[in-house]
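What follows is the residue order along each chain.
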Amino acid sequence: MVGTLILNTWTLNLSPRQWHDCSGAVGQLACALAGDAGGFAGGDWSRFLDSTHESLPAAQAVAARVKRWDQIEPWIRKVFQVNQNPIWEFAFQMPPEWYGGDRRTLTHVLHKLSRRQLDIPRALHHFLRVGYLPELKMSASGVVRA
């Protein structure tokens, strides 16, 4: 669930996620995500393109459960390691009517996604300052502490 918090930060998902316990259906600990239609600023590409590291995704219940930096740091590393070439390839294989036929804007959105990928640590430090991660504290020296 913490990984989804980082993914929502990266893609600026403005739709709160709902978690559904599927453990009984599959016979093991499992959950499913719902409410993923809010990515890229809810589909408002202009808003997404204007976003900064200070742009907050929708409130996520899991944000209140993050108490230590080491809970989120592995997920930040995973997002940093994402190879965006397949994302670009997939985006340009979509039917043009799915993205309004505006390849130039689609390219700008993909470039912005790349910039947001690099801004995740800075965004999370901002989130600490504004209380988005209420259980994670930052010391006066800027060092994250539990």
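None of these values were measured; they are calculated from a predicted model. (Residues numbered from 1 in each chain as written. Predicted model: local features only at pLDDT ≥ 70, side-chain atom pairs only at ≥ 80, totals over all residues. Heavy atoms only, no water.)

Trainee: Is there a simple way to explain the nonpolar core in this structure?
Mentor: Nonpolar side chains tend to gather and get buried jointly when the protein is soluble and globular. Counting 23 residues, the largest nonpolar core has Leu5, Ile6, Val66, Ile72, Ile120, Leu124 and Leu133 as the members making the most contacts within it. At the level of elements, helix 1 (2-11), helix 5 (69-80) and helix 7 (103-130) are the ones that each hand at least two residues to this core. Of the residues forming this core, the biggest block, 7 residues, is contributed by helix 7. Apart from residues lying up to four places away in sequence, Ile6 is in contact with Ile72, Trp75, Ile76, Val79, Ile120 and Leu124. Judged by nonpolar contacts, the second largest core, of 5 residues, contains Met94, Tyr99, Leu106 and Leu110. (Core = buried A, V, L, I, M, F, W, Y, C linked by side-chain atoms within 4.5 Å. Buried < 20%, exposed > 50% of the residue type's maximum accessible area, 1.4 Å probe, protein only. Helix = DSSP H or I, 4+ residues; strand = E, 2+ residues; numbered from the N terminus. Contact = heavy atoms within 4.5 Å.)

Trainee: Help me out: how do you make sense of the environment of Val109 in this one?
Mentor: Relative to the elements of secondary structure, Val109 occurs in helix 7. Between the C-alpha atom of Val109 and that of Ser46, which follows or precedes it by 63 residues, the distance is 8.8 Å.

Trainee: Hey, could you run me through unusual backbone geometry in this one?
Mentor: A positive phi angle, near 55°, is found at Phe40, a position not held by glycine. Judged by its relative accessible area of 27%, Phe40 falls in the partly exposed class. A positive phi angle, near 60°, is found at Ala41, a position not held by glycine. Position of Ala41 relative to the elements: it lies in helix 3 (residues 39-42). The exposure class of Ala41 is buried, given its relative accessible area of 4%.

Just geometry here; none of it tells us what the structure is for.
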